[in-house]
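Notes for the structure review
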Amino acid sequence: MIACTSALLAGCGGAPEGVPGMPSGVPGAPQPGQPEPGGEQQPPPGGEQPGGMGGGQQGGGEQGGDQAKAQLQGQLDQLNQSSPITFDPDSSELTDQGKETVTKAADMLKTAPQEMKFQVAGFTASGTNSSQDSKELSQARAQAVVDQLTQAGVPAERLQPTGEGDAGGDPAASRKVEIKVQ
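In this text, all values refer to a predicted model and were calculated from it rather than measured experimentally.

Here the focus is the overall build of the protein chain. The helix and strand tally for the protein chain stands at five helices and four strands. Mapped in sequence order, the helices and strands of the protein chain form the string α-α-β-α-β-α-β-α-β. The buried share among the 182 residues of the protein chain stands at 29%. Partitioning the contacts of the protein chain with sequence separation of at least 6, the portion at a separation of at least 24 is 65%. As displayed, the protein chain has an accessible area near 11,100 Å², and 51% of this comes from carbon and sulfur atoms.

Following the criterion strictly, the structure yields zero aromatic pairs and no others. Over the aromatic face of Phe 123 sits the side chain of Lys 176, whose NZ or CZ is 5.3 Å from the ring centroid.

On to the pairing of strand β2 (residues 118-124), then. A large share of β2 lies buried, amounting to six of its seven residues. Taken together, the six bridges between β2 and strand β3 (residues 159-166) define a ladder with parallel strand orientation. Each bridged residue has a counterpart across the sheet, and for Ala 121 the counterpart in β3 is Thr 162.

The next subject is the sheet that holds strand β1 (residues 85-86). Taken in spatial order, the four strands make up an open sheet running β1-β4-β2-β3, and their pairing is mixed. At either margin of the open sheet sits one strand with a lone partner, and together these are β1 and β3. Here two bridges tie β1 to strand β4 (residues 176-181), and the two strands are oriented antiparallel to one another. Following the sheet pairing, Thr 86 is matched in β4 by Lys 176.

Criteria and cut-off values
Residues numbered from 1 in each chain as written. Predicted model: local features only at pLDDT ≥ 70, side-chain atom pairs only at ≥ 80, totals over all residues. Heavy atoms only, no water. Helix = DSSP H or I, 4+ residues; strand = E, 2+ residues; numbered from the N terminus. Buried < 20%, exposed > 50% of the residue type's maximum accessible area, 1.4 Å probe, protein only. Contact = heavy atoms within 4.5 Å. Areas by Shrake-Rupley, 256 points an atom, 1.4 Å probe, with all protein chains shown as cover. Phe/Tyr/Trp six-rings, centres within 6.5 Å; stacked < 30°, edge-to-face > 60°. Lys NZ or Arg CZ within 6 Å of the ring centre and 35° of its normal. Pairing = 2+ DSSP bridges.

Read these as layout, nothing more, since geometry by itself doesn't imply function.
So this is what it looks like as structure tokens:
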């Protein structure tokens, strides 16, 4: 038995000519890359077709990453439309709805590829006293969301809080934070 196994590994003397050390397998069975009795050629090992690059796609790492970013951004946008991350007037305290939305967003961000980073953009309503106050409040809102995201398990180094200031439009809709894939 051991002698036969060693002989098989060494080629068993029955390998096709020109292929040293390759066992012949079943007598009369076609070898990969050799024509079958019906005339069709089997593909060589590795699945590549003769003269081509094979059936799979080449590269695609960057494209796949862009597609993953777009898909995640779409999910975040959909979440934000159905349940925005909102705050009380002139406050950086999240509403109950805002807290629930941040928790859902955290679940999405934690499953995203580790190389993805996120901008957490805070906004205020036009009723804020000055543009400086508006900028500071929007930054505080963004930071409040970052804090809750990190408490939920999203690494802080993946999050960039920014204060965008006055969002204009409906004051209630302007007291918000948006999460954008960078």
